[in-house]
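# An overview of the molecular structure
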Amino acid sequence: MATLLSEKQIAQLKRRVKETPHPREMVLDVLHAIQDANGWVSDEGVELAAIVLGLSSLQVEEIATFYDKIYRRPVGRKVIHVCDSICCWSRGSEAIMLRLQQLLAIAPGETTADGMFTLLPTCCLGACGEAPALRIGRTLYGGVEPEQLEAILDKERAEVES
Amino acid sequence: MPTLTIDNQTITVPEGTNVLEAARQLGIEVPHFCHHEALGSVGACRLCAVEFLEGPVKGIQMSCMVLAKDDMVIDTGSDGVLAYRAQVIEWLMTNHPHDCPVCDEGGECQLQDMTVAGGHGVRRYTGPKRTYQNQDLGPFIAHEMNRCIQCYRCVRTYQEYCGGKDFGVMGTRQRLYFGRFSDGPLESPFSGNLVDVCPTGVLTDKTYRYKSRIWDLQEAPSICPHCSLGCAVIPGARYQELQRRRARTNRRTNGHFICDRGRFGYGYVNHPDRPRAPLLGHRRVTWQEALAALQNHLHEFCELYGSGSISMLSSSRASLETQFLTKRWANALGSGQLCFEAHPRRDQAARVAASQAPDCSASMEDIRSCDMAVLVGADPLAEAPMLALALRQAARRGARIVVVDPRPVELPIDCERHAAAPEELPRILQGLTRPQQNAFASASEEFGGALGRALLEAKNPVLIGGSDLLGPQGCQMLLKAAEACSPTGSTCRSMLLLAGPNSFGGAMLSDDGPGFDALLEGMEQGRIKSLVCIEADPVADYPDRKRCRAALARLDLLVVFDCAATATVQEADLFFPTTALEEAAGTLVNNEGRMQAFEKVFSAGTPLLQSAAGDHPPRFFSRDIPGSHPQPAWTTLARLLGRDAELEKVRRELEKIDPRFDGLAGLTADSEGCRVVAPRQAPALVAAPASGVTASDQLHLLVTEHLYGSELLSDLSPCLQAVKSDPYVWLHPQDVARLKLVEGKPVRLCTSLGEWTLELRINGDISPGVAVVPRLRGTVVETLVPGSEPMLCRIEKA
């Protein structure tokens with residue numbers, strides 16, 4: 001369990017939790033720290049977060065499973081979130097999702113064979129004004145046309161490889 | 001007080017009542033799932049829609065989310081509303097399996113009722129349904145997630161109302177999952193309430209699985225016998241087997257919920273070792289023979305040694321009617337050697353509790369609505385579990401809860417804890433009785449004084465004490481303290497936790513009668529030749545088992561009436577089987593002095609499962625129902641007194657002789673009960689001997705109640721065996737270090753009563769210098785009984 005985060009990181013997080021009046025405010029911070037270090041949050045990660053936060057594993061899991069940006073299963077090096085909510089859907093997100101499936105040769109929820117990308121639908125990215133939108137890693141792409149996707153993927157891939 | 005019109009009927013309701021509840025008061029049931037009286041409204045299920053025609057709100061709204069206001073005109077059944085509800089119920093039902101014929105909830109499914117009420121009769125959805133892996137939630141609750149309709153009642157009950165942290169809701173949208181992080185037993189001692197609140201068959205009673213449909217059950221309003229609070233329950237029986245217990249609503253006591261000890265403690269009624277026939281020595285005899293033997297013997301003793309040679313002991317398990325007729329019988333025989341509790345200190349404490357003015361005692365409802373509660377020497381989860389839940393409701397409304405105790409008292413809330421040594425408790429109570437005083441003799445008194453001042457400033461304060469730890473003297477001080485801490489214009493109410501469901505009744509009837517100590521002395525001196533135990537188990541309940549056994553061995557005749565195979569039954573010369581609580585009607589007086597009647601649920605008899613060994617119908621024939629010999633103790637007593645065994649008559653007689661029980665004859669089992677009218681006289685107490693000086697290697701031993709394993713009847717329930725702890729001793733880390741002991745390793749506990757090897761557990765919340773051992777029946781420490789003065793002990797490496 002301790003290998004999920006360094007002793008120093010755990011001590012730091014514990015200190016921050018102690019300074020917060022309500023430890024629950026820190027749940028996402030702790031989960032993100034674990035996810036940043038490991039790529040995803042395993043069961044052991046949830047248990048570690050619970051110890052750091054002084055909550056029960058269930059209380060952490062309730063939040064971890066609520067947010068689709070916390071990954072409770074192994075994912076690729078970059079996760080593509082394609083918004084399928086009402087604004088993006090009305091502006092062509094279905095075509096984007098289809099095109100990505102063709103380009104990556106995977107279905108939503110799957111990871112490419114090289115472990116580079118995981119493709120997921122998401123219910124909102126908060127970018128309705130830029131519909132249709134998608135997010136790769138932490139980069140938001142708005143007003144996306146299906147024709148641009150190949151270049152976007154190449155750029156993202158190159159970023160990892162460099 | 002808004003006045004509104006619902007379906008052409010006008011009603012005035014208190015401010016803050018929502019429209020759903022207002023309709024209910026008119027007898028109009030608006031279909032709903034997520035609303036629950038105890039849990040409140042969240043507007044999640046969207047089923048309770050009604051149409052607002054006039055008033056401040058217009059159109060279709062959720063009735064649980066709109067407060068009743070003046071001039072509202074509401075139609076609960078307009079075409080628009082009906083169409084809306086039909087649509088909502090159809091959505092809720094899309095993923096619900098079609099397994100009603102084999103579902104465990106069948107016959108008591110709110111979802112089924114509401115689906116029919118909502119007008120959804122034919123399923124149009126033909127797509128695949130989402131399915132789930134279920135979890136093993138332990139011995140009490142079965143999990144079948146496919147049936148879930150996401151009403152959130154379980155989470156709100158488990159987490160919000162009961163304070164549990166290991167069961168909740170995960171995921172989002174149509175992938176919601178209600179369960180634990182991983183398989184494992186539910187940790188909350190109130191987990192059984194999930195069964196009652198789940199509107200469909202997701203969370204059901206595992207102990208009752210595959211047994212009966214509700215319409216085949218014999219049910220009646222009853223009272224839980226497993227502590228002194230007297231929670232309302234509905235037991236259900238079939239085939240002469242008590243198959244389950246569920247919560248009943250009594251807004252003055254338990255509210256809507258019960259604890260797991262109460263829910264799953266029912267198995268004692270069906271226990272295979274339960275003695276069901278009269279015994280003369282070890283020989284089975286008929287009732288006539290047994291009664292004749294009893295009367296002959298007692299007659300003989302009266303002739304030979306006088307009526308003072310006959311003594312009687314009843315208990316807090318016996319109904320008020322049984323206790324009363326025991327007293328009448330003792331009177332009729334001319335014997336004053338009678339008491340209602342085998343444990344002298346508990347007896348005295350109950351007598352003190354019954355001397356509390358009825359209008360000053362706190363009900364559970366008072367506790368749920370208090371703004372400050374101070375607990376002195378009371379461990380709710382162990383001694384009266386539902387009290388913990390009542391305190392939680394107060395805390396959720398912002399009440400300050402202070403726990404003063406030498407034990408590590410666990411509560412399902414954050415509260416202020418003050419670890420006080422047992423000898424400090426009287427000083428703290430002393431301080432509480434003088435909240436206005438400026439200077440105190442000791443820090444403990446000063447602390448008590450500060451608490452007292454806080455109670456004086458509170459609006460609805462409550463002072464709660466555990467009679468086991470406080471003893472009669474402490475209980476008396478607590479009542480005085482409550483009086484002293486009463487703010488002007490209102491009352492600091494008090495509650496004392498007692499040993500059993502009818503301790504209060506026994507104490508009321510005790511007058512100045514002797515304690516069991518005096519009876520034992522009489523036996524030891526040979527003055528008392530016979531003892532009749534009526535639903536009492538002195539061997540297990542008297543704190544010095546050796547002394548009790550030796551005294552009983554000197555008797556010429558030991559008569560026992562009981563429904564369980566107790567330690568005393570083993571010694572009986574003459575035994576009469578009595579009915580269990582659920583097999584007869586009667587009355588219990590709970591720890592606040594509330595008389596509560598209970599009805600007969602079913603007739604006593606060996607469960608078919610045992611008598612027919614699974615065969616149906618049984619392959620032998622007789623005129624009697626096998627195992628149907630148990631009789632209510634009070635009917636036998638009535639026969640012995642030569643009168644009719646009519647409950648009504650007994651109640652009326654008691655009411656007439658003792659006006660403090662006014663209202664008893666008119667009590668119905670489905671009412672909220674009523675308090676005794678006046679207190680008994682406070683007993684004259686002998687000062688407790690000062691505890692001796694402790695040597696450096698000595699500790700004070702506190703034997704305390706435990707949630708599971710301490711109470712006689714629930715400990716006989718097979719389904720509670722799975723959660724019963726192994727014997728252990730709790731010590732403070734300081735003492736562990738000083739005595740050079742190791743946690744988890746066995747240690748040797750040495751006392752004047754004996755020596756035992758136990759597991760060592762460490763707890764930092766315990767008062768240093770104290771060793772806490774829970775009472776666990778049927779284990780090596782079963783002779784250790786709570787409620788005594790702390791005894792000196794040594795603990796060493798085993």
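Keep in mind it's a predicted model, so treat the numbers as computed, not measured.

The rules behind each value
Residues numbered from 1 in each chain as written. Chains lettered and ligands numbered in written order. Predicted model: local features only at pLDDT ≥ 70, side-chain atom pairs only at ≥ 80, totals over all residues. Helix = DSSP H or I, 4+ residues; strand = E, 2+ residues; numbered from the N terminus. Buried ≥ 20, exposed ≤ 12 C-beta atoms within 10 Å, placed from the backbone. Expected span 1.5 Å × (residues − 1). Axes fitted to C-alpha atoms, helices over the stretch in contact; angles between N-to-C directions. Parallel < 35°, antiparallel > 145°, perpendicular 65-115°, else oblique. Left-handed = near helix turned anticlockwise from the far one by under 90°. Contact = placed C-beta atoms within 7 Å. Nonpolar A, V, L, I, M, F, W, Y, C, P; charged D, E, K, R; others polar. Pairing = 2+ DSSP bridges.

On a plain count of helices and strands, chain A comes out with seven helices and four strands. Starting at the N terminus, the α and β elements of chain A follow one another as α-α-α-α-β-α-α-β-β-β-α. When the backbone C-alpha atoms are referred to their principal axes, chain A occupies close to 50 × 30 × 25 Å. A total of 162 residues make up chain A; the buried ones form 33% of that total.

Another point: helix α8 (residues 320–333) of chain B. Since the α-helix advances by 3.6 residues per turn, residues separated by three or four positions end up pointing in the same direction. Residues and elements named next belong to chain B. The first and last C-alpha atoms of α8 sit 20 Å apart over 14 residues, in line with the 20 Å expected at 1.5 Å per residue. In terms of burial, α8 is largely enclosed, as eleven of its 14 residues are buried. Residues L320, E321, T322, Q323, F324, L325, T326, K327, W329, A330 and L333 constitute the buried set of α8. A positive backbone phi angle near 85° is found at G334, which sits one or two residues after α8.

All names here are of chain B. At their nearest, the axes of α8 and helix α16 (residues 503–510) sit 9 Å apart, and the two run at 25° to each other. Accordingly, the angle class assigned to the pair α8 and α16 is roughly parallel. Taken as a pair, α8 and α16 cross one another with a handedness that is right-handed. Only G505, G506 and L509 of α16 make contact with α8, whose side of the interface consists of L320, Q323, F324 and K327. The residue makeup of the contact of α8 with α16, split by class, is three nonpolar, three polar and one charged.

On to the sheet that holds strand β19 (residues 400–405) of chain B, then. Residues and elements named next belong to chain B. The strand order β20-β19-β18-β21-β22 describes an open sheet built from five strands, whose pairing is parallel. The sheet is open, and its two borders are formed by β20 (416–419) and β22 (493–497), each paired with just one other strand. Recorded for the sheet is a direction-independent mean angle of 15° between the axes of neighbouring strands. Bridge count for β19 against β20 is four bridges, and the pairing is parallel. Looking across to β20, one finds that V402 is bridged to E416.

Moving on: the interface of chain A and chain B. With eight residues of chain A in contact, the opposing surface of chain B contributes ten residues. Within the side of chain A that touches chain B, the residues separate by chemical class into two nonpolar, four polar and two charged.

All right, on to unusual backbone geometry then. Cis rather than trans, the peptide bond between A131(A) and P132(A) has omega equal to -5°. Counting through the fold element by element, P132(A) comes out in the loop between β2 (117–122) and β3 (134–136). Within the chain, Y152(B) stands out as a residue other than glycine whose phi angle is a positive 70°. With respect to the helices and strands, Y152(B) occurs in the loop between β6 (141–143) and α4 (153–161). Looking at Y152(B), the number of C-beta atoms within 10 Å reads 18, which means it is partly exposed. A positive phi angle is found at K740(B), which is not glycine, with a value near 55°.

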